[in-house]
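# What the coordinates show
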Amino acid sequence: MKKIINDPATVVADALRGMELAHADLLDVQYDPAVVVRVDAPVPRKVAVVSGGGSGHEPLHAGFVGRGMLDAACPGAVFTSPTPDQVLAAVQRTNGGAGALLIVKNYTGDVLNFETAAELAAAEGIEVRSVVVDDDVAVKDSLHTAGRRGVGGTVLLEKIVGAAAERGVDLDGCEALARKVAGQVRSMGLALAPCTVPHAGEPSFTLADDEMELGIGIHGEPGRQRVPVRPADSLVPALLDPILGDLPFGAGDRVLLFTNGMGGTPLLELYLAHGIAERLLAERGITVRRRLVGPYITSLEMQGMSLTLLKLDDELVELWDAPVRTAALRWGL
Amino acid sequence: MGCTAERVAEALRAVARVVAEHREELVRLDREIGDGDHGENLNRGFTALVSKLDGDVPGTPGAVLKSAATTLISVVGGAAGPLYGTAFLRAATSVGDAAELDAGAVAGALRAALEGVVARGKAAVGDKTMVDALTPAVAAASSVAATGGDVAGVLAAAAEAAEQGAESTVPLVARKGRASYLGERSAGHLDPGARSTALLLRTLAGSAR
Ligand SMILES: Nc1ncnc2c1ncn2[C@@H]1O[C@H](COP(=O)(O)OP(=O)(O)OP(=O)(O)O)[C@@H](O)[C@H]1O
Ligand SMILES: [Mg+2]
């Protein structure tokens, strides 16, 4: 394992120290328990939008803390959900009197820890709602399993709901909007090379030179299927077709297309894949009205990408375009 | 002879040593069908628990178990944090403020722990989780307690059953937790949480002898 670290046990705190210095104008970092909050928190009478999850997915979530997006992020250990203490501290620090909306990616650990935190916050008289994101079409959804993972759709949901909260939409409105976005966003990813969790020291799986994993999540876990690598022209449809078939998306739909890098894939390849995806969508009569390209929800240094499609209407377009000022997304401010 | 607060604390220190020794094994098992953090998560939690016990051992077995619960919930994270935390919390509630635990109380605490894990995680036997180890352990513990066994006997039976239960997860396709994302590919691997449950019970049994 080669990484720019000192000690696997302190990577998250060590990275937070750098982040705090790099973005002192946007965020404050609290270390025990670890919470990243926007500098001007709590914002009076604004719904606090709080998220969090394992570290290793940067810029998700701390890179999205700031005006127009998240009020706080709770970074867990690498690939491990944060603890209830962290989430509770985040809610306490950011509650401006209008309650808090927790955005939770659908993983057993995240759901259980956020659920416990929500109970603790409610016991303190803070109104808390939770919305679970589960947009990964690679996982078969079923009542009897843990269900789908939350992946790329989380980034879009945090931006859109963050914009609404900034405009003064109340807790009911923010919750309803979050459920709407979660209901019409779908994603799928692939990996060309695995990643190494610092404390594990070894790659999470091994792939031959001519193999790739289809249907991976963001935690270095193997995917549903190992297949031979192939040219981008047939690789992009392998992600896009299951997404389109799932919601389903069809001719006449307007969408936001998010082409995401997993951490180790250069923008050169991401733009190439994005171009193919746009062409395929145009062929199907689907209009791409907004796009996001880059590594925004990553899996350490994993080589690979994911595609996310969100069905848009005028409300969502407007909220997507609304000003945002965070470490990783910044426009209009 | 019953089980005092001091003995419960000693047993938990022993668990912390065993978790540290098996950290890599649990990480490896979790890497195969999960995300490779289970050993690290538990090691972080039990290390914190030992520091807390070094400072002060609460007065009753129930209070020691409660202290373990709050430490695990606030330090572990992941699925295992709330699940093991809830297990210890329910066990603590079930033993109340008794100064010593007899065989019946220990078996009852294990049952309460299982009920807590199921209430939080909603897993059933066969889903390939720690529930597959804990469920037969509770049954074995109860039957030994009911037939007049002592604390050591109850825990030895629980450990034995948990080890078999953990082994039984190997051929299963996971329906809960991260391993469920793998679908059929999760078969052929030992569930890390079931393995850690068996280790924990085996260690408790060893400390009770
Ligand atoms: N719903 C559940 N009920 C009971 N046990 C579960 C459940 N989900 C997972 N587990 C157990 O938890 C173990 C994994 O624990 P671990 O500490 O690795 O958490 P994790 O799933 O990686 O959490 P996170 O996703 O937040 O990182 C599994 O091996 C399984 O035994
Ligand atoms: Mg794990």
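Please read these numbers as outputs of a predicted model, since none were measured by experiment. (Residues numbered from 1 in each chain as written. Chains lettered and ligands numbered in written order. Predicted model: local features only at pLDDT ≥ 70, side-chain atom pairs only at ≥ 80, totals over all residues. Heavy atoms only, no water.)

### A closer look at the overall build of chain B
Helix and strand counts for chain B stand at nine helices and two strands. Taken from N to C terminus, the helices and strands of chain B fall in the order β-α-α-α-α-α-β-α-α-α-α. Taking 17 Å as the expected radius of gyration for a compact globule of 209 residues, we find that chain B reaches 16 Å, a close match to that expectation. Seen through its C-alpha atoms, chain B measures out along the principal axes to roughly 50 × 40 × 30 Å. Across the 209 residues of chain B, 59% fall into the buried class. Restricting to contacts in chain B with at least 6 residues of sequence separation, those with at least 24 account for 70%. Of the accessible surface of chain B, which amounts to about 7,600 Å², a share of 56% is contributed by carbon and sulfur atoms. Computing the positive centroid from 21 side-chain charges and the negative centroid from 24, chain B places the two 4 Å apart. (Helix = DSSP H or I, 4+ residues; strand = E, 2+ residues; numbered from the N terminus. Rg over C-alpha atoms; globule rule 2.2 N^0.38 Å. Buried < 20%, exposed > 50% of the residue type's maximum accessible area, 1.4 Å probe, protein only. Contact = heavy atoms within 4.5 Å. Areas by Shrake-Rupley, 256 points an atom, 1.4 Å probe, with all protein chains shown as cover. Lys, Arg positive; Asp, Glu negative; His and termini not counted. Charge placed at Lys NZ, Arg CZ, Asp CG, Glu CD.)

### Examining helix 9 (residues 192-208) of chain B
Residue and element names in this part refer to chain B. The end-to-end C-alpha separation of helix 9 is 24 Å, in line with the 24 Å expected for 17 residues at 1.5 Å each. For helix 9, a buried count of 13 out of 17 residues is recorded, marking the element as mostly surrounded by other parts of the structure. Between the side-chain oxygen at the start of helix 9 and the backbone nitrogen of G193 there is a gap of 3.2 Å, and the oxygen is on D191. (Expected span 1.5 Å × (residues − 1). Polar contact = N/O pair within 3.5 Å; in protein donor to acceptor, adjacent residues only side chain to side chain.)

### Notes on the domain arrangement of chain A
Residue and element names in this part refer to chain A. Taken domain by domain, chain A comprises domain 1 (16-184) and domain 2 (185-320). Computed from C-alpha atoms alone, the centre-to-centre distance between domain 1 and domain 2 is 23 Å. Every contact between the two is made by 35 residues of domain 1 and, on the other side, 40 residues of domain 2. Note on domain 1 versus domain 2: buried area summed over both sides is about 3,100 Å², and carbon and sulfur give 63% of it. Taken as a group, F79, L156 and Q184 account for 21% of the area that domain 1 buries against domain 2, more than any other trio of residues on that side. There are four salt bridges connecting domain 1 and domain 2. For the salt bridge of E315 with K180, the shortest nitrogen-to-oxygen distance reads 2.6 Å. (Domains from an automatic or database assignment. Buried area = accessible area lost by both parts, 1.4 Å probe. Salt bridge = Lys/Arg side-chain N within 4 Å of Asp/Glu carboxyl O.)

### Brief notes about the site of ligand 1
Surrounding ligand 1, one finds 26 residues, the nearest of these being S81(A), D35(B), G121(B), R178(B) and D191(B). Surrounding ligand 1 is a set of residues that belongs to chains A and B. D30(B) places a side-chain nitrogen or oxygen 3.1 Å from an oxygen atom of ligand 1. Between ligand 1 and H38(B) there is a distance of 3.0 Å, counted from an oxygen atom to a side-chain nitrogen or oxygen. Of the residues contributing to the shell around ligand 1, the split by class is eight nonpolar, 11 polar and seven charged. (Near = heavy atom within 4 Å. Nonpolar A, V, L, I, M, F, W, Y, C, P; charged D, E, K, R; others polar.)

### Overview of the coordination of the magnesium ion (ligand 2)
All names here are of chain B. The protein atoms donating to the magnesium ion (ligand 2) are D30 (OD), D35 (OD) and D37 (OD), with metal-donor distances spanning 2.1 to 2.2 Å. Read in sequence order, the donor residues coordinating the magnesium ion (ligand 2) give the pattern D-x4-D-x1-D. Of the two residues, D35 and D37, neither departs from the other in class, the shared state being buried. (Donors = N, O, S within 2.8 Å, 3.2 Å for Na, K, Ca; no water.)

### Some thoughts on the interface of chain A and chain B
Every contact between the two is made by 37 residues of chain A and, on the other side, 30 residues of chain B. Counting across the interface, chain A meets chain B through four salt bridges. Where R185(B) meets E213(A), a salt bridge forms, and the shortest distance between an N and an O atom there is 3.1 Å. Counting across the interface, chain A meets chain B through 12 residue pairs in polar contact (both at pLDDT 80 or more). Contributing elements (two or more residues each) for the side of chain A that touches chain B: helix 2 (84-94), helix 3 (108-123) and strand 10 (225-228) of chain A. The dominant element in the side of chain A that touches chain B, judged by the number of residues it contributes, is helix 3 of chain A, at seven residues. Here the side of chain A that touches chain B is composed, by residue class, of 12 nonpolar, 16 polar and nine charged.

### A short note on the nonpolar core
Generally speaking, a soluble globular protein has its nonpolar side chains buried in company with each other. Counting 68 residues, the largest nonpolar core has L101(A) and L310(A) as the members making the most contacts within it. For this core, the element with the highest residue contribution is helix 4 (residues 153-166) of chain A, accounting for eight residues. The two domains that each donate at least three residues to this core are domain 1 (16-184) and domain 2 (185-320) of chain A. Once residues within four sequence positions are removed from consideration, L101(A) is found in contact with V47(A), A48(A), V49(A), V50(A), R129(A), V131(A), V161(A), L171(A), C174(A), E175(A) and A178(A). Judged by nonpolar contacts, the second largest core, of 65 residues, contains C3(B), L49(B), A80(B) and Y84(B). (Core = buried A, V, L, I, M, F, W, Y, C linked by side-chain atoms within 4.5 Å.)

### Considerations on the sheet that holds strand 2 (residues 34-38) of chain A
Residues and elements named next belong to chain A. Read from one edge to the other, the open sheet built from six strands follows the order 1-2-5-3-6-7, with strand pairing classed as mixed. Edge positions in the open sheet fall to strand 1 (27-31) and strand 7 (128-133), since each of these has one partner strand only. When the angles between neighbouring strand axes are averaged without regard to direction, this sheet yields 20°. (Pairing = 2+ DSSP bridges. Axes fitted to C-alpha atoms, helices over the stretch in contact; angles between N-to-C directions.)

### Considering the environment of T129(B)
All names here are of chain B. For T129, the position within the fold is in the loop between helix 6 (103-121) and helix 7 (131-146). In this structure T129 comes out as buried when scored by relative accessible area, which is 12%. With 19 residues separating them along the chain, T129 and G148 place their C-alpha atoms 30 Å apart. Those residues in contact with T129 that lie beyond four places of it in its chain are A123, T169, K176, D191 and A194. Here V131 takes part through its backbone nitrogen, which lies 3.0 Å from a polar atom of the side chain of T129.

### Quick look at the UniProt feature "domain: DhaL" (unreviewed entry) in chain B
Cross-referencing UniProt, the feature "domain: DhaL" (unreviewed entry) maps to residues 6-206 of chain B in the present numbering. Taken end to end, residues 6-206 of chain B has its terminal C-alpha atoms 15 Å apart, with 71% of it in helix and 1% in strand. (UniProt positions renumbered as here; feature names shortened; annotations may be inferred.)

### Here's the deal with the sheet that holds strand 9 (residues 211-214) of chain A
All names here are of chain A. Taken together, the six strands give an open sheet; going across it, the order is 10-9-8-13-11-12, and neighbouring strands pair in mixed fashion. The outermost strands of the open sheet, each flanked by one partner alone, are strand 10 and strand 12 (287-294). Here the average twist between neighbouring strands, direction ignored, is 20°. Of the pairings in the sheet, the one linking strand 8 (residues 185-193) to strand 13 (residues 303-311) comprises eight bridges and is antiparallel in character. Following the sheet pairing, A191 is matched in strand 13 by G304. Of the strands in this sheet, strand 8, strand 9 and strand 13 are in contact with helix 6 (residues 232-246), which crosses strand 8 at around 155°. Across the face of the sheet, helix 8 (residues 314-321) comes into contact with strand 11 (254-261), strand 12 and strand 13 while running at roughly 30° to strand 12.

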